[in-house]
Amino acid sequence: MAKFDEMEYYKQAELLNIDYDQVPDSDWMDTPVDFRPGTFIYPGKPARLEYLDLPNAREWSVLEEDWKLQDNWKQIVLEGMAERLTKYRSFKLFMDVCVRCGACADKCHFYIGSADPKNMPVLRAELLRSIYRKEFTMVGKVLGKIAGARELTIDVIKEWFYYFFQCTECRRCSVFCPYGIDTAEITMMGRELLGLLGLYVNWIIEPCANCFRTGNHLGIQPHALKDIFEDLCDDIKTATGIEIDPPFNKKGADILFVTPSGDFFAEPGIFTCMGYLILFHELGLNYTWSTYASEGGNFGLFTSHEMIKRLNAKMYMEAERLGVKWILGGECGHMWRVINQYMDTMNGPADFLEVPKSPITGTVFENAKSTKMVHIMEFVSDLIKHKKLKLDPSRNDHINVTFHDSCNPARGMGIIEEPRYVLKNICNNFYEMPENTIREQTFCCGGGAGLGTDENMEMRLRGGLPRGAAVRYVQEQFNVNQLACMCAIDRATLVTVCNYWAPGVEVTGISELLANAMVLKGENDRKLNLRLEEIPGK
């Protein structure tokens, strides 16, 4: 990946030239969308839509005036909205209760990075709420624009497409809303309605199609997956002297382990995956990987509720087929929001599995009584608490590390202290970013919810500004040189954010640092870390 100080296109001075006082002269309803290269994502390819039986698969371009919608597109959208207002009580509530107080206005990383008023969460929601008022409320039908209502037009659809795909569904705005409005849910509804017209972005719909076809976002076939793991195990042997033969599709194992495919596909995720392999081997864990449900991530969260359900089902179907007791999940973000917030109502309780119990410590994870799935950081922090791992944190003394709370595990699941507990036991030099940028108030990476593609680079860099600024702060104050996180999307997108806003800070998974600090039975004289770099002082 090219370093951004070598790129000429986006100048920091230009992206930092943000004027929050400058707003368009026209009313927001009358301000057209500016489809500027670098701020939108390419459309979904028709072959992907056809594979998933999605409507209106065709070739079209965002920059063309004619988006080739169905003749009755307006009827489709309004009937879809009516159906969802009836089906989802939260949607109806969120349409009605907002008083436009503005508490959320300056909380969105895209608004902070762009000063575009329509990226204020309150105004982004108004893009949809204005149609709701016009079509589904008496005051809107009578008073129209005076009541904040407007007609549904092609320009409104284009506006939805532009701005609902400039929301990473991170839910930071919901933390500050006095009414508890979850603007991410509104974004999800907006994207669902666009989907009825076949308006998807390829960066989301292609992973969905791949996952439905092969079990993972990248379309990796079972034999190729095993080849990848063989290469990872070769590197593990070079670094540690330990030979590992990971189990695949093992029937009768205690645990099915599922992680996002980003962890075994590219740097820096592969080092996190190597950490999993080392940990499980050292514990002698009776577990298995699956080559058929090889994806914990769920891009259905960025598409529709039905797609969430379809993709989530594969993990549990595979757990039942293999006859495991429970599921252990890796360092992923949206996988955990789906499991924690939607699993029970969409797929139903996993009653065929047992309540997770650590075979190493005997701890029963009561919090996973329904989902039967435990986060790797819960599992590891329990191991450390019971002193089941031999650790030498001095192996990470060359690292000054900070921690990025991934939006979905932090805000959506409450996994806040466990990763910090692990980091403080494996690293002697841990530093927090400013308090209003972490824990429940954490800033997004700027590329979540399927926005992490290169054609969207300007918005990624603008959206990543708040997180990049916080990283830059601890870099300058404490000489931080690594940013740890527990989400595959974060590990991919934060590399770009750090290269641009805080050059010199590397991105790492927690399990990578854990494995580097573990003292293993039968290890060599460890002089290399999992990246096969020399450990200073060793």
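Residues numbered from 1 in each chain as written. Predicted model: local features only at pLDDT ≥ 70, side-chain atom pairs only at ≥ 80, totals over all residues. Heavy atoms only, no water.

What should I look at first to understand the sheet that holds strand E6 (residues 482-485) in this one?
Note: strands within a sheet are paired through backbone hydrogen bonds, in either parallel or antiparallel orientation. Taken in spatial order, the three strands of this open sheet run E5-E6-E7, and their pairing is parallel. Each edge of the open sheet is held by one strand with a lone partner, namely strand E5 (401-403) and strand E7 (506-509). Averaged over all pairs of adjacent strands, the angle between their axes in this sheet comes to 35°, without regard to strand direction. (Pairing = 2+ DSSP bridges. Helix = DSSP H or I, 4+ residues; strand = E, 2+ residues; numbered from the N terminus. Axes fitted to C-alpha atoms, helices over the stretch in contact; angles between N-to-C directions.)

Just checking my understanding: could you explain the layout of surface pockets for this structure?
Over the atoms, a rolled probe matching the size of one water molecule traces out where space is still vacant. Computed from the structure, the largest pocket encloses a volume of approximately 920 Å³. What lines the largest pocket is a set of 40 residues, among which Trp203, Leu218, Phe265, Gly452 and Ala492 lie closest to the centre. If you list the elements that add at least two residues to the lining of the largest pocket, you get helix H11 (202-214), helix H19 (457-463) and helix H21 (488-501). Considering each element in turn, the lining of the largest pocket owes the most residues, seven residues, to H21. Its residues placed into classes, the lining of the largest pocket shows 19 nonpolar, 14 polar and seven charged. Put simply, the second largest pocket is a space of about 660 Å³. (1 Å grid on protein atoms, 1.4 Å probe; cavity = no way out; pocket = protein on both sides within 12 Å on 5 of 7 lines; lining within 4 Å. Points joined across faces, edges and corners; volume = space filled by probe spheres on them. Nonpolar A, V, L, I, M, F, W, Y, C, P; charged D, E, K, R; others polar.)

When you look at the pairing of E7 in this model, what are you seeing that I'm missing?
Within a regular strand, the side chains alternate between the two sheet faces. As judged from the four bridges shared by E6 and E7, these two strands associate in the parallel manner. Residue pairing in the sheet places Ala484 in a bridge with Thr508 of E7. Tracing the backbone out of E6, into H21 and back to the parallel element E7 gives a crossover that is right-handed. (Right-handed = clockwise from strand over helix to strand, strands pointing away.)

Is there a simple way to think about the nonpolar core in this case?
Across soluble globular proteins, you tend to see nonpolar side chains buried next to one another. Counting residues in each nonpolar core, the largest one holds 98 residues, and the members touching the most others are Met81, Leu128, Leu152, Ile157, Trp160, Phe161 and Leu199. Here this core takes seven residues from helix H8 (residues 154-164), the largest share from any one element. Mapped onto the domain boundaries, this core takes at least three residues apiece from domain 1 (7-31 + 55-199) and domain 2 (208-517). Sequence-distant contacts of Leu128, defined by excluding residues within four places in its chain, comprise Met81, Phe91, Met95, Trp160, Phe164, Ile186, Met189, Gly190 and Leu193. If you look at the next biggest cluster of nonpolar residues, it comprises 75 residues, including Leu225, Phe280, Leu283 and Ala350. (Core = buried A, V, L, I, M, F, W, Y, C linked by side-chain atoms within 4.5 Å. Buried < 20%, exposed > 50% of the residue type's maximum accessible area, 1.4 Å probe, protein only. Domains from an automatic or database assignment. Contact = heavy atoms within 4.5 Å.)

How should I be thinking about empty space enclosed by the protein in this particular structure?
On inspection of all chains with the given rule, the structure shows five cavities of 30 Å³ or more. Empty space within the largest cavity amounts to approximately 150 Å³. Taken together, 18 residues line the largest cavity, and the ones lying closest to its centre are Cys98, Cys104, Val122, Cys177 and Ile181. Contributing elements (two or more residues each) for the lining of the largest cavity: helix H6 (121-136) and helix H10 (183-195). Among the elements that take part in the lining of the largest cavity, H6 stands out by supplying four residues, more than any other. Here the second largest cavity is characterised by a volume of approximately 120 Å³. Taken together, 15 residues form the lining of the second largest cavity, with Cys407, Asn408, Cys444, Gly448 and Ala449 sitting closest to its centre. At the level of secondary structure, the elements contributing two or more residues to the lining of the second largest cavity comprise helix H17 (407-413) and H21.

Where do I start with the side chain of Ser261 in this structure?
Relative to the assigned elements, Ser261 resides in the loop between strand E1 (255-258) and helix H13 (269-283). Judged by relative accessible area, which is 2%, Ser261 ranks as buried.

Would you explain a negative patch on the surface in this entry?
Taken together, the side chains of Asp227, Glu230, Asp231, Asp234 and Asp245 present a region of like negative charge at the surface. When its relative accessible area of 48% is taken as the criterion, Glu230 is described as partly exposed. (Patch = residues over 30% accessible without salt bridge, like charges linked within 9 Å, V, L, I, M, F, W, Y side chains within 5 Å. Areas by Shrake-Rupley, 256 points an atom, 1.4 Å probe, with all protein chains shown as cover. Salt bridge = Lys/Arg side-chain N within 4 Å of Asp/Glu carboxyl O. Lys, Arg positive; Asp, Glu negative; His and termini not counted. Charge placed at Lys NZ, Arg CZ, Asp CG, Glu CD.)

In this structure, what is going on with helix H22 (residues 510-517)? I would like to understand it.
An α-helical turn contains 3.6 residues, so a residue and the one three or four places further along point in the same direction. Most of H22 is tucked away: eight of the eight residues are buried. Among all positions in H22, only Ile510, Ser511, Glu512, Leu513, Leu514, Ala515, Asn516 and Ala517 are buried. Considering only its buried residues, H22 is in contact with H13, helix H16 (376-385), E5, helix H18 (417-426), E6 and E7.

Mind showing me how you'd approach the environment of Leu63 here?
By the element assignment, Leu63 lies in the loop between helix H2 (46-51) and helix H3 (73-87). Between the C-alpha atoms of Leu63 and Arg36, which are 27 residues apart in sequence, the distance is 9.1 Å. If sequence neighbours within four positions are ignored, Leu63 has contacts with Phe35 and Phe40.

Looking at this structure, how should I read the domain arrangement of the protein chain?
In many reports, interface size means the accessible area that the parts give up when they come together. In terms of domains, the protein chain is made up of domain 1 (7-31 + 55-199) and domain 2 (208-517). Here domain 1 packs against domain 2, burying approximately 2,800 Å² in sum over the two surfaces, 61% of which is carbon and sulfur. In terms of surface lost to domain 2, no three residues of domain 1 exceed Tyr10, Leu15 and Arg172, which account for 21% of the buried area on that side. The tally of links from domain 1 across to domain 2 stands at zero salt bridges. Run the count over domain 1 and domain 2 and you get 12 residue pairs in polar contact (both at pLDDT 80 or more). Elements that contribute at least two residues to the side of domain 1 that touches domain 2 include exactly helix H1 (12-15), helix H5 (109-114), helix H9 (172-176) and H10. Considering every element that reaches the side of domain 1 that touches domain 2, the biggest residue donor is H10, with six residues. (Buried area = accessible area lost by both parts, 1.4 Å probe. Polar contact = N/O pair within 3.5 Å; in protein donor to acceptor, adjacent residues only side chain to side chain.)

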